[in-house]
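Structure at a glance
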Amino acid sequence: MQKVERQKHKDRGRRRLIGLLLCAVLLIGGVTAGILLSNKAREEEIKTHQHLTGAITQRSAGELLSLTVTQRGKNSWTAVREEDGSMRLQPEDDSMPVTWLVDESIAGRLTDAAVNLTYDDVFTENRSDWEPDAEDFGLKDPLVTAVFRYTDGTEITAHFGDSADPDDNAYYYMTVDGDDRLYAVAAGTLEDLNTEKELLHPVPALEIRGALLDRVTVKNGDGTVRTEWALEGQVSDRDAAENWMLTVPIIYPADYDAMKNLRDSAENLALGVYIGEAEDEALARCGLDQPTAVIELHMAAGSTGTVSDQGVYDVVDWEERTETLTIGNSKSEMVAYVRFGDEIYTISHFSVNVFTETNPLSTAARYTVATPLNSLESVMVEKAEGTDEYRIEKIEESQNTEQTEETPQYRCLKNGEEISYDTFSAAWERLLTVTVSGRLPQDWELKDKHTKYTLRTVSGGAHTIELSDYDGMHDAVTLDGHTIFYLIKGGMTELP
């Protein structure tokens, strides 16, 4: 039998080398894992401890002298507590004039955080457990460092780091000078202290009262009027909401819904962040020396009322006044600079664009009749075949002593004779839905008017609607003497 020789393994040396390399990798991996496990164990040791809560200090508000806040990457600011409990921003140096009072609500939160500095947990009692990893906790360059000074001469310096609960950011790391412990502090405390200097300035409320608004003017930077809407009549008129006119760049009755949106937008205007005093350099920097627009909101003298939480109707009297907002450059995609009085703030682009970017023609009335039935006193309809007058009268109780819920409160007289009020009411509601069909071209010619409606309102106002031939299918519509739209023939539904 032929002898079978043992096969030689030429790659045995290579396998031995690979084995040594694998051992080295495993050794390095083991060391790395050991370090990671050690760090993780230390973090777990910090985080899995007995839950502790307590206070760094608890004092009365009157014991606070001042506080200084330094935010990460920003300059510090100091606020000093006044005797009356208010807080005043301290000048950056002695050469600067006395600065402004801090917003009252913000001052209250700052004071509370300073005199009731509490913690929600203690991660470790030992500085050596956290100090080597201060950067990991966001404490090497803290988010906020706050220095609290009290009337008894004591001082507390607290450093606030990154979130200790990344899932919902409910707690943050905190350390206190002279204290070895690493704390967890509620997010609310950090949020109160993490306030930019500009936000400390009180922001005045514009207090635009839509019920008293009787003129809205938008001007260009050079002072020329771009768009204007004005109320016809008094703000106290029952039908005031339907009596607005677009006066620039054209004269035409304004749409009820468009004006309601404009008045609501005016009431919702609010200033943003304080920027500074309206000095020449600041005005130029913010583009307010050559503004993009000027919004003037004129309010008539009058009274407004609100119901308090106690159910009491409170009436406030207001004098005639005009609020002016001068719009400058954009600060960002969201806000622009605005001058209000002698100060500069930010304001939302969205809130001012309602006034500056609205196409004036889009606010012109598309409805031919805008007077609601409860504001109507009479209507006269003049046509070639004759004239009819409808008058609405309120039924006095003495005229009908047996009134029931089904008894109408009003009656309608056509040419002096009573007709069904319900029938007239239904016909009037149909008229209120009639809208124009389109805009007349610039080269159209006004022809003789064949139909005229004259409306008189309970507030003493009057409106006219006149129809004239435009083409074979349409009539030109003239509202209160102004013509820009046409209406399909027969579009004005008939009255009974």
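Residues numbered from 1 in each chain as written. Predicted model: local features only at pLDDT ≥ 70, side-chain atom pairs only at ≥ 80, totals over all residues. Heavy atoms only, no water.

**Concerning the sheet that holds strand β8 (residues 155–163)**
Pairing is antiparallel across the open sheet formed by eight strands, whose spatial order is β4-β3-β2-β7-β8-β9-β10-β6. Here the strands that pair on one side only, and so sit at the sheet edges, are β4 (87–89) and β6 (121–124). On average, adjacent strands in this sheet sit at an angle of 25° to one another, irrespective of strand direction. Across three bridges, β6 lies against strand β10 (residues 182–186) in antiparallel orientation. What sits directly across from Val 122, in β10, is Tyr 183. On top of the sheet, helix α2 (residues 104–115) reaches β2 (64–71), β3 (77–81), β4 and β7 (144–150); it is set at about 100° to β2, its chief contact. (Pairing = 2+ DSSP bridges. Helix = DSSP H or I, 4+ residues; strand = E, 2+ residues; numbered from the N terminus. Axes fitted to C-alpha atoms, helices over the stretch in contact; angles between N-to-C directions. Contact = heavy atoms within 4.5 Å.)

**Comments concerning the side chain of Arg 263**
Tracing the sequence through the fold places Arg 263 in helix α5 (residues 256–267). Of the side chains with opposite charge, Asp 264 lies nearest to the buried Arg 263, which makes no salt bridge, at 5.9 Å. Dropping the residues within four chain positions of it, Arg 263 is found in contact with Gly 210, Leu 213, Ala 241 and Trp 244. (Buried < 20%, exposed > 50% of the residue type's maximum accessible area, 1.4 Å probe, protein only. Lys, Arg positive; Asp, Glu negative; His and termini not counted. Salt bridge = Lys/Arg side-chain N within 4 Å of Asp/Glu carboxyl O.)

**Quick word on the layout of surface pockets**
One number sums up the size of the second largest pocket: a volume of about 330 Å³. Lining the second largest pocket are 26 residues, and of these Glu 242, Asn 243, Ala 462, His 463 and Asp 480 sit closest to its centre. Sorting the residues of the lining of the second largest pocket by element identifies β13 (244–248) and β28 (462–469) as the ones contributing at least two each. Of all the elements, β28 adds the most residues to the lining of the second largest pocket, at four residues. (1 Å grid on protein atoms, 1.4 Å probe; cavity = no way out; pocket = protein on both sides within 12 Å on 5 of 7 lines; lining within 4 Å. Points joined across faces, edges and corners; volume = space filled by probe spheres on them.)

**Quick word on the sheet that holds strand β22 (residues 376–383)**
Adjacent strands of a sheet form backbone hydrogen bonds with each other and so pair up, either parallel or antiparallel. Pairing within the open sheet is antiparallel, and its nine strands lie in the order β25-β24-β23-β22-β27-β28-β29-β30-β26. Edge positions in the sheet fall to β25 (417–419) and β26 (438–439), since each of these pairs with one other strand and no more. The sheet contact formed by strand β23 (residues 386–394) and strand β24 (residues 410–414) spans five bridges and is antiparallel. Bridged to Tyr 390 within β24 is Lys 414.

**Section: the environment of Thr 346**
In this fold, Thr 346 is placed in strand β21 (residues 343–348). Taking C-alpha positions, Thr 346 is 4.7 Å from Gly 272, a pair spaced 74 residues apart along the chain. What Thr 346 contacts, discounting residues up to four positions off in sequence, is Leu 271, Gly 272, Val 273, Ile 275, Lys 331, Val 335, Ala 336 and Val 338. A polar atom in the side chain of Thr 346 sits 2.8 Å from the backbone nitrogen of Val 273. (Polar contact = N/O pair within 3.5 Å; in protein donor to acceptor, adjacent residues only side chain to side chain.)

**Structural notes on the nonpolar core**
One finds Phe 148, Phe 160, Leu 325 and Phe 355 to be the most contacted residues of the largest nonpolar core, which totals 66 residues. With six residues, the single largest contributor to this core is α2. If we skip the residues at most four places from it in the chain, Leu 325 touches Leu 206, Leu 269, Leu 271, Ala 293, Val 294, Ile 295, Val 338, Arg 339, Phe 340 and Ile 347. Counting 29 residues, the second largest nonpolar core, distinct from the first, contains Val 369, Phe 424, Ala 427 and Val 477. (Core = buried A, V, L, I, M, F, W, Y, C linked by side-chain atoms within 4.5 Å.)

**Overview of unusual backbone geometry**
Backbone torsion omega between Val 248 and Pro 249 reads 10°, so that peptide bond is classified as cis. Locating Pro 249 in the fold gives a position in the loop between β13 and β14 (252–253). A positive phi angle, close to 50°, is found at Asn 415, a residue other than glycine. Among the secondary structure elements, Asn 415 is positioned in the loop between β24 and β25. Not every positive phi belongs to a glycine, and Asp 480 is a case in point at roughly 50°. Among the secondary structure elements, Asp 480 is positioned in the loop between β29 (474–479) and β30 (482–488).

**So, a nonpolar patch on the surface**
On the surface, Val 307, Tyr 313 and Val 315 cluster together to form a nonpolar patch covering roughly 330 Å² of accessible area. Examined against the element boundaries, Val 315 turns out to sit in strand β18 (residues 313–318). Judged by relative accessible area, Val 315 falls into the exposed class, the value being 53%. (Patch = residues over 30% accessible without salt bridge, like charges linked within 9 Å, V, L, I, M, F, W, Y side chains within 5 Å. Areas by Shrake-Rupley, 256 points an atom, 1.4 Å probe, with all protein chains shown as cover.)

**A few points about the pattern of salt bridges**
By the definition in use, this model includes 20 salt bridges. Of the charged contacts, one joins Asp 180 and Arg 127 as a salt bridge, the two residues approaching to 3.3 Å between their closest N and O atoms. With Asp 180 in the loop between β9 (171–176) and β10 and Arg 127 in helix α3 (residues 127–130), the pair connects residues that are 53 residues apart, well separated along the chain. Notably, a salt bridge pairs Arg 411 with Glu 418, separated by 3.7 Å at the nearest N-O pair.

**A word on the environment of Val 354**
Within the element layout of this structure, Val 354 appears in helix α7 (residues 349–356). Owing to a relative accessible area of 18%, Val 354 belongs among the buried residues under this scheme. It is 7.3 Å that separates the C-alpha atoms of Val 354 and Ser 265, two residues lying 89 residues apart in sequence. Ignoring anything within four residues of it in the chain, the contact list for Val 354 reads Asn 261, Leu 262 and Ser 265.

**Remarks on the pairing of β9**
Summarising burial for β9: five of the six residues are buried, a large majority. Of the strand pairs in this sheet, β8 and β9 are connected by four bridges, and their pairing is antiparallel. Across the sheet, residue Phe 160 finds its bridge partner in β9, namely Met 174.

**Some points on the confidence of the model for the chain**
Across the chain, pLDDT averages 88, with 86% of residues at or above 70. Within the model, pLDDT remains below 50 along residues 35–39, and this stretch shows zero contacts once partners closer than five positions in the same chain are excluded. (pLDDT = per-residue confidence, 0-100.)

**Structural notes on the packing of aromatic side chains**
To describe a pair of aromatic rings, you give the distance between the ring centres and the angle between the ring planes. The final tally for this structure, using the stated rule, is ten aromatic pairs. Here the aromatic rings of Tyr 119 and Tyr 183 are separated by 4.6 Å at their centres, their planes lie at 40°, and the arrangement is tilted. You can see Tyr 119 sitting in strand β5 (residues 116–119) and its partner Tyr 183 sitting in strand β10, a full 64 residues away along the chain. Residue Tyr 119 shares its accessibility class with Tyr 183, and that shared class is buried. Their ring planes at 25° and their centres at 6.1 Å tell us that Tyr 410 and Tyr 421 sit as a pair that is stacked. (Phe/Tyr/Trp six-rings, centres within 6.5 Å; stacked < 30°, edge-to-face > 60°.)

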